[in-house]
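Take a look at the letters that make up each chain.
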Amino acid sequence: MKKTVIAIALATLSVVLAFGSTLVIKGSNTVYPVAQLWAEAFKALKPGVEISIEGAGSSTGIKALFNGQTDIANSSRWIKPSEIEQMNRDGKYFVPYIVAYDGIAIIVNRSLAIDNITLQQLYDIYSGKVTTWNQIDSSLPRVRIVPFSRDNASGTFEYFIEHVMKGDKLAPQVQQLASTRAEVEQVVQNNYAIGYIGMGYITGEVKALTVEGVEPTVANVNAGTYPVSRPLFMFVNATNGLPTGVVADFLRYALSPEGQAAVLTVGYVNAYGTK
Amino acid sequence: MRRKRVELSAKVLVTFAALLTSIIVFGIFYFLISDGVRVFGRVSPKDFLFSARWYPTYEDAEFGILALLAGTLSVTGLTLVIAIPLGFVCAIFLAEFSGRKSHDAIKYIFELMAGIPSVVLGSFGLKYVSRWLMEHFPLHVWTGLNVMNASLMLSILAMPYFVTLVEDALRAVPRDQKEASLALGANMTGTIFRILLPQARSGILNAIILGTNRVIGETMVVLMVAGGATMVPSTIFDPVRPLTSAIAGEMGEVELGSTHYFALFMIGVVLLAISTVFTLIAMKLKRSKGK
Amino acid sequence: MKIDAIVKITFAVVSYTLIGLIVALIGFLIVNGLDNIDLEFLTAFPRNSMTGGGIWPALVGTVYFVAVALLFSIPVGILAAVYLSEYSKDTAFKRLILTANNILAGIPSVVFGLFGLSLFSITFGFGTSVLAGGLTLGIMSLPYIISNTHESLTAVPYSYREASLALGANRAETSFRIVLPASFSRILTGVIIAIGRIIGETAPVLFTGAAFYITRNPTGPFEPAMALPTHIFVLSAVYPDNVTPKLEGSISLLLIIVVVLFLLVAIRRRKETKKLEV
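Residues numbered from 1 in each chain as written. Chains lettered and ligands numbered in written order. Predicted model: local features only at pLDDT ≥ 70, side-chain atom pairs only at ≥ 80, totals over all residues.

**Section: the interface of chain B and chain C**
Residue-level contacts link 61 residues of chain B with 64 residues of chain C. Put simply, the parts of the chain that give the side of chain B that touches chain C at least two residues each are helix H1 (2-36), helix H3 (66-97), helix H4 (100-115), helix H5 (118-136), helix H8 (188-199), helix H9 (201-217), helix H11 (243-251) and helix H12 (259-290) of chain B. When residues of the side of chain B that touches chain C are assigned to their parent elements, the largest contribution, 20 residues, is made by H1(B). Split into classes, the residues belonging to the side of chain B that touches chain C amount to 39 nonpolar, 17 polar and five charged. (Contact = placed C-beta atoms within 7 Å. Helix = DSSP H or I, 4+ residues; strand = E, 2+ residues; numbered from the N terminus. Nonpolar A, V, L, I, M, F, W, Y, C, P; charged D, E, K, R; others polar.)

Structure representation (structure tokens):
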């Protein structure tokens, strides 16, 4: 009985694999919201294609590309030296496409009388060298700074450590939250909190600081003047030549003017186009 | 002949099904330990257990779980302080003072309470409890996500365990002891505290152990509201990062086969060891009570 | 006498206050999201980065995960319970199985997640799939099914077995034709409890079977699926504030399902105790 069930299930599966075209996308949680929008629109254009997206982190996505478990690996970081080594060892060749840019916004409570922060001040706060607000600006109250961060495995975290902390470690009292939303929620509630989030998550309830005097806006990220922004990638396996078929179609859509316009609606910055 | 064969194969089948449970337990130990011990290729067991520095994703990564362990202990401890007394009061009320009808209704609510999905409690704590704590204890609370918030939410999950098991323990005390005490002129309150509770001692201990085990293993609540800071807390309003939340928060994005991955499995082994010890103690207590 | 009254009133006040708070909490969370539940919410795929559409694939996925879990845990659990109550004597082997079952019941859900990931997803190569997630939940629910069925079988009066054996039936026939059917209703109650326990589980499925978003429901056991509790986590973790209506709706729906399941259990239990009293 059970055997028949399994056999039938397997048969269905192989039929699906043979006739429907499927597209598997795995990787960075940061890239995920854009990827979902594209998937929705792409599905509307080509109803025959089935798409599944898993947000599992940049490393997991690239790992899945090695194992052939995904067609596209989303990544919020460049490929690591260890991954390049493995690529050479396995005789594989991955090609990255920059699909969007993400600006990292520094947010504080709206009641806090501060508008600008320098990279050095950020470093001091997050490394624990500075623990009260008056040490940042003597007009601010002498109250404990409450720093928030993303979980230590997320791409946003990795970027922050590399570019703001220069590889140094966060102080133990920095609160690492599982979600950006929770960070925003806490900054809204807490007058003395500070956090870093993707620009797409900025709401009217929090204040996004200028960094080194530059506002976190689409124009400034595009112009390269905003100091904390990064490209978002989609990696594909090009060992046997550049992608064709449904993978190529998907990327073509993502990089089309229409696809790039969608990037802005989820709060990221378009990589191409004139807008 | 055919009946004999059926009889025999039935026996083999049920024995195998029963054995499967043990095989699964063995398998869980095997898979977690075999992945977990590989962390010791990079980190010494001493540093793993006794260093409070948990920096798993840096160039010079460190894998000390002491702060995480402290997080688990503080959250569990405070939860017990809240949930045990309240659980006792409710259990005594249910066992000795409540009428049949209200008893059933209350019991249902408590069962439902234990069934609230923890992810739901987590999002409630994140949005409402943290704000409430910030507004009402502004002098002590510097962040809304902390040991207290997690313990309040966990108490909701743990209390029903205490209520149910303590009530069972109280009901298991022979009725004649209670009646004898009342007949001798003792009042109900005295009877409960001098006769019933001491008599139900081992059952109550059992309840506390099983409830504690459940609290230690809870994941989504602490992931969402305990605060996520890898510090050893000094007050109940400090943020912490319990063992389970480190696994759940980091597993999703960790690279398979990395030291970090193995370290998370080793944390799983620590949790597994704690829960196994607690279960064995509870079983032993139950057996000795049975005799 | 006076002190009794004081104690009774204090205890009653504490108990009813707690109950009141819990009912208020559950009620608030259900009512809070109720406005967001409509036909589209229940039957549509998510749209516009989860701000539109509904949670249909999460509902379907939850059903699949629970179904795979039960497909594993009901047969294995019932057979194991039959062994414990009908076949075994008080031997070391029986004690080993009881111990294993208790240990299994006490293991934290996140540890099951790690195990499922290591065994089903990686070693067996199931990947992130309905099968891997469902089996992980199945193993989690196994001890509930075993304990409950074991209890139900032991509650069947011994005379049933004696009568059956006296009529020449062997042990297998007695166990499966007489004892098991006699306790069917109670076993079913246990299954409902097990469903209530696993339907809201997040961590184990998050590691082994859950996709954040899919464009069609899984057509085979080796595909990932969405699930209601993981959807709640994803909405509250990955997305900006504009998904709040969908989040509140999902929380409300999950709570309604849990309340109904537990109500079902309470009603069935009541019937069972009444039957016993007659």
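**As for the nonpolar core**
Membership of the largest hydrophobic core comes to 258 residues, with the highest contact counts inside it found for Ala91(B), Val120(B), Phe162(B), Val166(B) and Phe65(C). Val166(B) has contacts with Gly87(B), Phe88(B), Ala91(B), Ile204(B) and Ala207(B), leaving out every residue within four places of it along the chain. (Core = buried A, V, L, I, M, F, W, Y, C linked by C-beta atoms within 7 Å. Buried ≥ 20, exposed ≤ 12 C-beta atoms within 10 Å, placed from the backbone.)

**Quick notes on the confidence of the model for chain A**
Residue and element names in this part refer to chain A. In the predicted model, chain A carries a mean pLDDT of 86, and the fraction of residues at 70 or more is 92%. A low-confidence stretch, residues 1-5 stays under pLDDT 50, and its non-local contacts, those more than four residues away or across chains, total zero contacts. Note on residues 7-19: pLDDT is under 50 here. Beyond four places in sequence and across chains, it has eight contacts. (pLDDT = per-residue confidence, 0-100.)

**Some points on the environment of Ser256(A)**
Inspection of the secondary structure assignment puts Ser256(A) in the loop between helix H9 (245-255) and helix H10 (257-265). It is 8.6 Å that separates the C-alpha atoms of Ser256(A) and Gly273(A), two residues lying 17 residues apart in sequence.

**A closer look at the interface of chain C and chain A**
If you look at the interface, chain C gives 21 residues, while chain A gives 28 residues. For the side of chain C that touches chain A, the elements supplying multiple residues, two or more each, are strand S3 (213-214) and helix H11 (228-237) of chain C. When the residues that make up the side of chain C that touches chain A are grouped by side-chain class, the tally is eleven nonpolar, seven polar and three charged. One ladder, built from two bridges, connects strand S2 (residues 49-55) of chain A with S3(C); its direction is antiparallel. Each bridged residue has a counterpart across the sheet, and for Ser52(A) the counterpart in S3(C) is Ile214(C). (Pairing = 2+ DSSP bridges.)

**Focus on unusual backbone geometry**
All names here are of chain A. Positive phi outside glycine occurs at Lys166, with the angle close to 50°. Of the residues examined, Lys166 has 10 C-beta atoms within 10 Å and is grouped as exposed. Unlike most non-glycine residues, Glu212 shows phi in positive territory, near 50°. Tracing the backbone through its elements, the reader meets Glu212 in the loop between strand S10 (210-211) and helix H8 (218-223). Given 15 C-beta atoms within a 10 Å radius, Glu212 is considered partly exposed.

**Some remarks on the pairing of strand S1 (residues 21-27) of chain A**
All names here are of chain A. Counting buried residues in S1 gives five out of seven residues, a clear majority hidden from the surface. As paired elements, S1 and S2 share seven bridges and run parallel to each other. The partner of Thr22 across the bridge, within S2, is Glu50. The handedness of the S1 to S2 crossover, carried by helix H2 (residues 32-45), is right-handed. Here S1 pairs with strand S3 (residues 72-75) via three bridges, running parallel. Looking at S3, one finds that Ile25 is bridged to Ile72. (Right-handed = clockwise from strand over helix to strand, strands pointing away.)

**Regarding the pairing of S3(A)**
All names here are of chain A. Because side chains alternate across S3, one face comprises the buried residues Ile72 and Asn74, and the other comprises Ala73 and Ser75, equally buried. Where S3 meets strand S11 (residues 229-237), four bridges bridge the pair, whose relative direction is antiparallel. By the bridge assignment, Ala73 is partnered in S11 with Phe235.

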